[in-house]
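Per-entry structural report
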Amino acid sequence: MDIIERQRNAAAAFGSHPLLVSPDGQVISLAEGYIPLLANFTFEDKAAKGLRKRCPGDKPEPPVYFSVVELVRDNKILLLSGPCGSGKTSFAKHLCFSLATTGSIRPHSVARNESGTTYDEYWEPEHILPCYFIIDSPESLKTLIDKFLPTVVRSLLAKGQATSPSVLIVLDKVETAGTEGPSLFAALVAFAKGFENIKVVLLGETSGVKHWILPSDVTRHDLLSLLEIQRRQAVSILTRVALSKVEIGIGAAGATPAYFALALEAKQRGDVAEELLEAWLAVVAPEKDASSRISAQACDHFSDKSLSVEDVIMSPMLFFSRAIQQLLAARHLVNLPLTAATTLFHRNPSESEPVLRSVLTRLRNTGKSVDLVEALIQGSGIPSQLGALLVSDFIADSSKVRAEILSQMLAIIEQGSLPVMQREKAGRVLSRLGDTRDLTALTNIPAGDFILGLSLESFRIGLFPVVNRDFSMFIKETGRDWQSPDGFTLEKQNAPATDLTWYDAVAYCEWLTSRWHLGGKLSPNEHVRLPTEPEWERASRGDQILTKDSEVIYPWGTEWQDDAANFEESGLNATCSVGLFPKGRTTHGCYDMAGQVWEWCTTLWGDNMTTPSFQYPWRNDGRENMDAPGSIRRVLRGGCFSSGRLKVCCTYRGSLEPAGFWRGNGFRIVVAKVPSE
């Protein structure tokens, strides 16, 4: 049997692997029980980056998500990330099984949101060979890239199958490549690009891969949790209960695929993971000694890496998910001295965080979490910052450590030394606790000559884009329509205000002018407005000049700098708290002028999206007409969280009709002299 047949046969065997246990105790195979996963990427995101026009009274439409299969189908190299228990391995094996046995994903209906919107999911490739691998170390990945993949390609070439997409390489648990991951995957990308017939899917745990800087050829997306409607459908089929009467697996914890499996076997709603685990243990290990032994062994696995998974696992269900091992470990750890928990966390904060989170949940439910919270934030530097991030979800507003947590969140953001996903969480926590930064602060841009002799007067510009906290005040006071899904969300108050039109931004500036005049923040001859296009660029690039046509100017210089902007390679695919990327600060102190959100300018573009009527550089030719018809597009600058490197810069010009809006469009303000009549 040659290598191709071995791979195909291995993939075909996945279908018989156990996936679930039904409420009546029947083991359900992967082929029978798999629930299609969705990704955090919507149809709107793909369609012209989701740009829309709004009419008064329009109601927001629910997002419609792509399935993960469709993202594999549509991308050559794809990284899918999700927390433990999110279904990555089950998805990968089911995909390989389907391709190995039927050669395709045949059209079938998949729910795309909680409103019940459905579309068919399908993929019908020609003669594709699925090759599934679990990565357990940098060495195993290197061997795969250097030896195995070339062997597969040579074998396919010998069979004359290398002229069409015919190999799907699926690499699971890629986070185990550790710090060597980015460089090794860069080599894999280079190899795959050399062959038209190779697709690559990487699957990794979120905390282990989100901070990786990978080649732009790698498309990155996050897995979504299971929709409630998906879980209802699955349980309804298995139990023959009407959708509306399903009670099993529809709780908050049940949205995680691994926990849904527990809920199904234990016949539980699944609201809280720790309670769900106890109910499941009562079914599979009803004797106290047995459940305690399983929990202790799972805990030992986190302290003693010499234990194999087989040594720890006492039930087939546990074999499939590290998420359940984590719950079990916490169940045991909660009964040990406090130092056992803190030692485990400080040894490996990233890997042990889910365990400690579960410990804190159990202790909070008994009113005993305070001592562990205080122990985890002791000390200074990175360890205390990571501890503060962990315990931030377990403190009350009246907690005596609240001020310390807030201080640590500010330090994480201002220092910018932790990976982006941890800074992103710090920003959300800071917003919830009350961001003490002055997010309306301005910086002065001095007068001077600009591009091709254009002379600009001095002006002040916002250090940050306008954030939800301030824009929502405007909305509340004026009653203006605003359809932002997170504009009033507590953890997003320090993120840029988005889903707003150019007219909305202009109205905000007029409202703020009145407020600041009353408060004495503006002189009588000053007003708040949007920046003109030259003003925005001057604030962004400072005094940098191009030395050759091929150069791209960024706020920090002409060479790209990693971790300096929220853009497509950052992996967030959403706005975040302002100021999370201090490396991208401009010479004048402005944050987020590269990436994060496209920013409205006053300047006209023209009515043709591809060809501007008003060419750059700026001229006094009527392009600052504030009363131009709504069909004439306005300039947007800076790129956004889904933009590539060539757009998140100081010079790229975007545009949109002024009634357009999207979750990637925002603005910042300028304070300047009122022009004389």
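Now for a quick tour of the structure. What you see is a predicted model, and the numbers here were worked out from it, not measured in a lab.

1. Re the overall build of the protein chain
Scanning the protein chain for helices and strands turns up 24 helices and 23 strands. In terms of overall dimensions, the protein chain is globule-like: its C-alpha atoms have a radius of gyration of 27 Å, near the 26 Å expected for 677 residues. Each of the three principal axes of the protein chain carries a C-alpha extent, and together these read 85 × 65 × 50 Å. When each of the 677 residues of the protein chain is scored for burial, the buried share is 57%. Of all intrachain contacts in the protein chain linking residues separated by at least 6 positions in sequence, the fraction that spans at least 24 positions is 69%. Seen as two clouds, the 70 positive and the 79 negative side-chain charges of the protein chain have centres 1 Å apart.

2. A word on the pattern of salt bridges
Throughout the structure, instances matching the rule amount to 36 salt bridges. Ionic pairing is found between arginine 515 and glutamate 477, a salt bridge with its closest N-O pair at 2.8 Å. Taken together, the residues span a long stretch of sequence, with arginine 515 in helix 23 (residues 502–518) and glutamate 477 in helix 22 (residues 468–478) at a distance of 38 residues. Taking the relative accessible area as the measure of exposure, glutamate 477 reaches 51% and is therefore exposed. One salt-bridge network, held together by shared partners, links Glu353, Arg357, Asp393, Glu424, Lys425, Arg428, Arg432 and Glu491.

3. Brief notes about the side chain of serine 22
Looking at the element boundaries, serine 22 is found in the loop between strand 1 (18–21) and strand 2 (27–29). Every residue in contact with serine 22, bar those within four places of it in the chain, is listed here: Ile28, Leu264 and Glu265.

4. Some thoughts on the layout of surface pockets
Computed from the structure, the second largest pocket encloses a volume of approximately 850 Å³. Around the second largest pocket, the lining comprises 28 residues; the ones closest to its centre are Arg529, Thr532, Glu535, Glu624 and Pro675. By residue number, the principal contributor to the lining of the second largest pocket is helix 23, which donates four residues. By residue class, the composition of the lining of the second largest pocket is 14 nonpolar, seven polar and seven charged.

5. Quick word on the packing of aromatic side chains
Under the criterion given, the structure shown has 24 aromatic pairs. Both rings, one in tyrosine 554 and one in tryptophan 560, keep their centres 5.1 Å apart while their planes meet at 75 degrees; by these two values the pair is edge-to-face. Like tryptophan 560, tyrosine 554 is buried. Both rings, one in phenylalanine 641 and one in tryptophan 662, keep their centres 5.6 Å apart while their planes meet at 40 degrees; by these two values the pair is tilted. Taken together, the positions of phenylalanine 641 in the loop between strand 19 (633–637) and strand 20 (653–656) and tryptophan 662 in the loop between strand 21 (660–661) and strand 22 (665–666) put the pair 21 residues apart, joining distant regions of the chain. There is no split in this pair, since phenylalanine 641 and tryptophan 662 are both buried. Linked through ring pairs, Phe471, Phe474, Trp482, Phe488, Tyr508, Trp511 and Phe667 together constitute an aromatic cluster. Across from the ring centre of tyrosine 122, 5.0 Å away, lies the NZ or CZ of arginine 73, which sits over that ring.

6. Quick look at the sheet that holds strand 23 (residues 670–673)
The strand order across the open sheet formed by four strands is 13-16-23-17, and the pairing between neighbours is antiparallel. The open sheet is flanked by strand 13 (442–445) and strand 17 (526–529), the only strands paired with a single partner. Taken pair by pair, the neighbouring strands of this sheet meet at an average axis angle of 30 degrees, ignoring direction. Judged from the four bridges that link them, strand 13 and strand 16 (residues 459–462) form a sheet pairing that is antiparallel. Considered in strand 16, the bridge of asparagine 444 is made with arginine 460. Sheet contacts for helix 23: strand 13, strand 17 and strand 23; angle to strand 17, the most-contacted strand, approximately 145 degrees.

7. Overview of the packing of helix 17 (residues 349–365) against helix 19 (residues 381–391)
Taken N-terminus to C-terminus, the directions of helix 17 and helix 19 make an angle of 40 degrees; their axes are 10 Å apart at the nearest point. Relative to helix 19, the element helix 17 is oriented oblique. Crossing angle aside, the handedness with which helix 17 passes helix 19 is right-handed. Contact residues: Pro349, Glu353, Leu356, Arg357 and Leu360 in helix 17; Leu386, Leu389, Leu390 and Val391 in helix 19. By residue class, the composition of the contact of helix 17 with helix 19 is seven nonpolar, no polar and two charged.

8. Overview of the pairing of strand 7 (residues 105–111)
Relative to strand 8 (residues 118–123), strand 7 is paired through five bridges, and the arrangement is antiparallel. Note that in strand 8 the partner of isoleucine 105 across the bridge is tryptophan 123.

9. What to know about the sheet that holds strand 9 (residues 129–134)
Here five strands make up an open sheet; going across it, the order is 9-10-11-6-12 and the pairing parallel. Edge positions in the sheet fall to strand 9 and strand 12 (219–222), since each has one partner strand and no second. Averaged over all pairs of adjacent strands, the angle between their axes in this sheet comes to 15 degrees, without regard to strand direction. Here strand 6 (residues 77–82) runs beside strand 11 (residues 198–205); their pairing, made up of six bridges, is parallel. Paired with leucine 79 across the two strands is leucine 202, which belongs to strand 11. Relative to the sheet, helix 7 (residues 181–193) contacts strand 6, strand 10 (167–172) and strand 11, its axis offset from that of strand 11 by approximately 160 degrees.

10. Description of the nonpolar core
Membership of the largest hydrophobic core comes to 61 residues, with the highest contact counts inside it found for Tyr259, Ile405 and Met409. Broken down by element, the residue count for this core peaks at seven residues, all from helix 15 (residues 322–333). Among residues more than four places away in sequence, those in contact with isoleucine 405 are Ile377, Ala388, Val391, Ser392, Ile395, Val429 and Leu433. Counting residues in hydrophobic clusters, the runner-up holds 43 residues, among them Ala11, Phe66, Ile250 and Ala261.

Analysis parameters
- Residues numbered from 1 in each chain as written.
- Predicted model: local features only at pLDDT ≥ 70, side-chain atom pairs only at ≥ 80, totals over all residues.
- Heavy atoms only, no water.
- Helix = DSSP H or I, 4+ residues; strand = E, 2+ residues; numbered from the N terminus.
- Rg over C-alpha atoms; globule rule 2.2 N^0.38 Å.
- Buried < 20%, exposed > 50% of the residue type's maximum accessible area, 1.4 Å probe, protein only.
- Contact = heavy atoms within 4.5 Å.
- Lys, Arg positive; Asp, Glu negative; His and termini not counted.
- Charge placed at Lys NZ, Arg CZ, Asp CG, Glu CD.
- Salt bridge = Lys/Arg side-chain N within 4 Å of Asp/Glu carboxyl O.
- 1 Å grid on protein atoms, 1.4 Å probe; cavity = no way out; pocket = protein on both sides within 12 Å on 5 of 7 lines; lining within 4 Å.
- Points joined across faces, edges and corners; volume = space filled by probe spheres on them.
- Nonpolar A, V, L, I, M, F, W, Y, C, P; charged D, E, K, R; others polar.
- Phe/Tyr/Trp six-rings, centres within 6.5 Å; stacked < 30°, edge-to-face > 60°.
- Lys NZ or Arg CZ within 6 Å of the ring centre and 35° of its normal.
- Pairing = 2+ DSSP bridges.
- Axes fitted to C-alpha atoms, helices over the stretch in contact; angles between N-to-C directions.
- Parallel < 35°, antiparallel > 145°, perpendicular 65-115°, else oblique.
- Left-handed = near helix turned anticlockwise from the far one by under 90°.
- Core = buried A, V, L, I, M, F, W, Y, C linked by side-chain atoms within 4.5 Å.

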